[in-house]
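Here's the letter readout for the chains.
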Amino acid sequence: MIDLPTLVVNFKTYYESTGSRALELAKLMEQVSEEYGVSFIVAPSLPDLSLIAEITNIPVFAQHVDGVSPGAHTGHITAANLKELGVSGSLLNHSERRIGVDLIADGIASLKSHGLHSLVCSATPLVSKALASLEPWAVAMEPPELIGGDVSVTTRPDVVKTTIALIQEASASVIPFVGAGVKNSKHLSDALLMGSRGVLLASGVTKSPTPRIVLEEMAKVLQSRIDS
Ligand code: G3P
């Protein structure tokens, strides 16, 4: 069970958020999440998943999963394996790890059958609607051209609001998220006010020289939305 609204921090494969730095950053997220009583999700790269899932108490998502059963599949990641590690879910179809719709559907089914959450990424409002009809746990729309940059997705309110309406039209139970270029608490606050139930972000935390300050500012926004 994941509390909402939430902040999903994708560690990608940044130097600053892999290896020993990944564990430190995940522990910092855990501390801030506990101090403020808010929901954070961490998505470390595969080699760091196991340790972070074992040591921290915040939900851990993989960055990708393959919808295959345990067996003769080399270089694949199974939902069964994630479950055993104590991982709570997985991103699927991130812009930097695109897969076809069949594989997305397989991934969602496999995660569901293991009681894990699927957070499916999409690049446009219409694709968000199509993917929401597959009934994942959540859909996160990220305009690819804004990923990693300084222009927040929330500077496009029409795109955000249309996306959320289309996701809800496809399925009332799918949770809408947005992401890309989200760097500060104002961006997060705007996203939540537009109807997003959380934000998917990376560089705003992983590349920040002061991640604690960023996380605390974001935590205050999440906290205010829980209380209201
Ligand atoms: O998965 C989140 C990501 O694609 C957004 O990246 O650096 O723009 O927050 P960033």
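The text that follows walks through the structure, step by step, so that each part is easy to find. (Residues numbered from 1 in each chain as written. Predicted model: local features only at pLDDT ≥ 70, side-chain atom pairs only at ≥ 80, totals over all residues. Heavy atoms only, no water.)

Bringing the nonpolar core into the picture now. Within the largest apolar cluster, 52 residues are counted, with the highest numbers of intra-cluster contacts made by Leu7, Phe11, Phe40 and Leu82. No other element matches the 8 residues that helix H1 (residues 20–36) contributes to this core. Once residues lying within four places of it in the same chain are set aside, the contact partners of Leu82 are Leu49, Ala62, Val65, Ile77, Val87, Gly89, Ser90, Leu111 and Leu116. Ile2, Cys121, Ile175 and Leu200 belong to the second largest nonpolar core, which has 14 residues in total. (Core = buried A, V, L, I, M, F, W, Y, C linked by side-chain atoms within 4.5 Å. Buried < 20%, exposed > 50% of the residue type's maximum accessible area, 1.4 Å probe, protein only. Helix = DSSP H or I, 4+ residues; strand = E, 2+ residues; numbered from the N terminus. Contact = heavy atoms within 4.5 Å.)

Turning our attention to unusual backbone geometry. In this chain, Leu4 is followed by Pro5 through a cis amide linkage whose omega measures -5°. As for its placement among the helices and strands, Pro5 is situated in the segment before strand E1 (6–10). Located in the positive-phi region is Asn93, a residue other than glycine, with phi close to 65°. Following the sequence through the fold, Asn93 ends up in the loop between strand E4 (89–92) and helix H4 (101–113). Backbone geometry places Ala180, a non-glycine residue, at a positive phi of 105°. Here Ala180 is to be found in the loop between strand E7 (175–179) and helix H7 (185–193). Residue classification places Ala180 among the buried residues on the basis of a relative accessible area of 5%.

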